[in-house]
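# A closer look at the structure
Next come the chains, spelled out residue by residue.
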Amino acid sequence: NDDQRIRRPRHYGNVGKRLHQGQWTFLANMGFQNDSEDEIFGTGRVKLDDRQLFDATLSYQATEYLELYTRAQNVFDNDYEDVTGYNVEGAAVYAGIRVKY
């Protein structure tokens, strides 16, 4: 019937960039979703807010087997819902170590 599928954006995309300098690597990604709808039982379809998200990762290759990294998600702390009534995590920063063996 040509209705848009629920929770599937009509327009979406990502653009990213990777910069590598010596043992350092920087990754940045900007994603967007526009024109999404959800369906609420008994109410019908509702429009979900458009969203733009920026994520970044910085890593350092200490040795052949050891990498240190930090990652930031939703850097600008955008509020949005993938499903009506269920908020997603705000801005977050993670750090870690990757070991190859």
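Structure: see above.
This report concerns the structure included in the present document. Keep in mind that this is a model prediction, so the values were computed, not measured.

What counts, and where the lines are drawn
- Residue positions are given per chain, counting from 1 as you read along its sequence in written order.
- Local features in this predicted model are restricted to residues whose pLDDT is 70 or higher, and side-chain atom pairs enter the listing and the counts only when it is 80 or higher, whereas totals over whole chains, interfaces and linings include all residues.
- Excluded from the side-chain calculation are hydrogens and water; included are all heavy atoms of the structure.
- Counting from the N terminus, the helices are the DSSP runs of H or I reaching at least four residues and the strands are the DSSP runs of E reaching at least two.
- Working definition: with a 1.4 Å probe on protein chains only, accessible area under 20% of the residue-type maximum means buried, over 50% means exposed, and in between means partly exposed.
- It only takes one pair of heavy atoms within 4.5 Å for two residues to be counted as in contact.
- Surface accessibility in these figures is a Shrake-Rupley result with a 1.4 Å probe; residues are shielded only by whichever protein chains are displayed.
- Charge assignment: positive for Lys and Arg, negative for Asp and Glu; neither His nor the chain ends contribute.
- To locate a charge, the coordinates of NZ of Lys, CZ of Arg, CG of Asp or CD of Glu are taken.
- N or O atoms within 3.5 Å of each other form a polar contact, as long as, within protein, one can give a hydrogen and the other can take it, and as long as residues adjacent in sequence are counted only when both atoms are side-chain atoms.
- Should DSSP find at least two bridges between two strands, the strands are taken to pair.
- Orientation is described by axes fitted as lines to C-alpha atoms, over the contacting stretch for helices, and by angles from 0 to 180 degrees between their N-to-C directions.

Looking only at helices and strands, the protein has zero helices and nine strands in total. Counted from the first residue to the last, the protein has its helices and strands arranged as β-β-β-β-β-β-β-β-β. Taking the principal axes of its C-alpha atoms as reference, the protein extends roughly 55 × 25 × 20 Å. In the protein, which comprises 101 residues, the share counted as buried stands at 20%. Here the contacts in the protein between residues at least 6 apart in sequence split such that 44% fall between residues at least 24 apart. Carbon and sulfur atoms form 52% of the exposed surface of the protein, whose accessible area is close to 7800 Å². Measuring between centres, the 12 positive side-chain charges of the protein sit 8 Å from its 16 negative side-chain charges.

This part is about the side chain of Ser 59. By secondary structure assignment, the location of Ser 59 is in strand E5 (residues 51–61). According to the relative accessible area criterion, Ser 59 is buried, its value standing at 7%. Reaching out from Ser 59, the side chain makes a polar contact with the side chain of Glu 67 at a distance of 3.1 Å. If we ignore the near neighbours within four places in the chain, the residues touching Ser 59 are Gln 23, Trp 24, Thr 25, Glu 67, Leu 68 and Tyr 69.

Bringing the pairing of strand E1 (residues 11–21) into the picture now. With one of 11 residues buried, E1 lies mostly on the surface of the structure. With 11 bridges connecting them, E1 and strand E2 (residues 24–34) associate as antiparallel partners. Along E2, the bridge assignment pairs His 20 with Thr 25. Where E1 hands over to E2, the hairpin turn is made up of two residues, of which Gly 22 adopts a positive phi near 60 degrees.

Within the open sheet, the five strands sit side by side as E1-E2-E5-E6-E9. Their pairing is antiparallel. Looking at which strands have only one partner, the edges of the open sheet turn out to be E1 and strand E9 (92–99). Here the average twist between neighbouring strands, direction ignored, is 15 degrees. Bridging between E5 and strand E6 (residues 66–73) involves six bridges; their strand directions are antiparallel. Looking at E6, one finds that Gln 61 is bridged to Glu 67.

Take it as geometry only, folks, not as evidence of what the structure does.
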